[in-house]
Amino acid sequence: MPDTRHSADCADSAHSAHSARPLRIAVIAGSTRDGRFGPVVAGWTLGHIQQREDMSADLVDLVETPLPTVFPAFGQPPAAGTEELLAAVSPRLAEADAFVVVTPEYNHSFPASLKNAIDWHNKEWHAKPVGFVSYGGISGGLRAVEQLRLVFAELNATTIRETVCFPGGWAKFDTDGAATDPASDAAAKTMLDQLAWWAHALRDAKAVRPYAA
Ligand SMILES: Cc1cc2nc3c(=O)[nH]c(=O)nc-3n(C[C@H](O)[C@H](O)[C@H](O)COP(=O)(O)O)c2cc1C
């Protein structure tokens, strides 16, 4: 009988090395409004990820990575300059193992800037988990989050049940950007723990069986 122990050991160690690599989390700051509050919430979220040994964070701020709002005709190349703009964001989404979307609520939904960035991509979202940190008025952005779940389902992404939300968000942080209610920090940990479970599970699964949409 051939000795298969060596190759099995190699496969096991390659698998563990792959599994041990910190999860790459793209934090998407969805609002682009002048005077926006979003950077406070995104910075706080980023801080939570950076505290963890099992994750590394990449902040994708849609102000810094603007994308056109005019899409090309089907089968046609995008307008001149579009590829350069996409190059600043698409590879970062493609490399991410998971996403945290930081979204406000605009008119009971998500901002157009966020939907535009989502729509410019497709396979970058596939078979990856998406967690949410939301803020807004009385609903804390939860209506935006519930609608985003529908959008991400269409993109073969899976959304995380646990969310972090800040009703009246502007009053929930101190001047250093720390959340004033410790329950928010606990909620972030719960959401990120769930995100990590899904991100590991899906990354491991894709290593064995590439995702076919
Ligand atoms: C166009 C617009 C519509 C809004 N609609 C809602 C809303 O439907 N529900 C809500 O709770 N807050 C609403 N707000 C309040 C925002 O959620 C809140 O101001 C938030 O801080 C906006 O995020 P930003 O400052 O990062 O742009 C709205 C704000 C704007 C600018």
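Conventions adopted
Residues numbered from 1 in each chain as written. Predicted model: local features only at pLDDT ≥ 70, side-chain atom pairs only at ≥ 80, totals over all residues. Helix = DSSP H or I, 4+ residues; strand = E, 2+ residues; numbered from the N terminus. Rg over C-alpha atoms; globule rule 2.2 N^0.38 Å. Buried ≥ 20, exposed ≤ 12 C-beta atoms within 10 Å, placed from the backbone. Contact = placed C-beta atoms within 7 Å. Arc of directions from axis to C-beta. Expected span 1.5 Å × (residues − 1). pLDDT = per-residue confidence, 0-100.

Regarding the overall build of the protein chain
Within the protein chain, the secondary structure is distributed over seven helices and six strands. Walking the protein chain from its N terminus toward its C terminus, one meets helices and strands in the order α-β-α-β-α-α-β-α-β-α-β-β-α. For 213 residues, the compact-globule estimate of 2.2 N^0.38 gives 17 Å, and the C-alpha radius of gyration of the protein chain, at 19 Å, lies within 12% of that figure. If you line up the protein chain on its principal axes, its C-alpha atoms span 70 × 50 × 25 Å. A total of 213 residues make up the protein chain; the buried ones form 34% of that total. Within the protein chain, contacts between residues separated by at least 24 positions form 79% of all contacts whose residues are at least 6 apart in sequence.

What to know about helix H5 (residues 112-119)
Two residues of an α-helix separated by three or four positions point the same way, owing to the 3.6 residues in each turn. Three or more residues of H5 are buried, namely Ser113, Leu114, Ala117 and Ile118. Looking straight down H5, one finds its buried side chains confined to an arc of 135°; they lie on one side. On its buried face, H5 sits against strand S1 (23-29), strand S3 (98-104) and helix H6 (142-154).

Overview of the environment of Gln50
Take Gln50: it is sitting in helix H2 (residues 38-50). According to the C-beta neighbour criterion, Gln50 is exposed, with 11 such atoms within 10 Å. Sequence separation between Gln50 and His126 is 76 residues, and the spatial gap between their C-alpha atoms is 24 Å.

Some details on H2
With 13 residues, H2 extends 18 Å from end C-alpha to end C-alpha; this agrees with the ideal 18 Å at 1.5 Å per step. For H2, every residue scored as buried is listed here: Gly38, Val40, Val41, Ala42, Trp44, Thr45, Leu46, His48 and Ile49. The inward-facing, buried residues of H2 abut S1, strand S2 (55-61), S3, strand S4 (129-136), strand S6 (164-167) and helix H7 (182-208).

Re the environment of Val130
Mapped onto the elements, Val130 comes out in strand S4. Look at Val130 and you get buried, because 25 C-beta atoms sit within 10 Å. Between the C-alpha atom of Val130 and that of Ser31, which follows or precedes it by 99 residues, the distance is 17 Å.

Comments concerning unusual backbone geometry
With a phi close to 65°, His108 is a non-glycine residue in the positive phi region. Along the polypeptide, His108 turns up in the loop between S3 and H5. Located in the positive-phi region is Ala127, a residue other than glycine, with phi close to 55°.

Things to note about the environment of Ala57
Note on placement: Ala57 falls in strand S2. Given 20 C-beta atoms within 10 Å, Ala57 falls into the buried group. For the pair formed by Ala57 and Asn116, sequence separation is 59 residues and the distance between their alpha carbons is 22 Å. Once you skip the residues sitting within four places of it in the chain, Ala57 turns out to touch Ile25, Val27, Leu46, Ile49 and Gln50.

A word on the confidence of the model for the protein chain
For the protein chain, the average pLDDT comes to 93, and 92% of its residues sit at 70 or higher. Looking over the protein chain, one finds the lowest element-wise mean pLDDT in helix H1 (residues 5-20), namely 54, and the highest in S3, namely 99. Segment residues 1-11 is flagged for pLDDT under 50; beyond a separation of four residues in sequence, or across chains, it makes zero contacts in the model.

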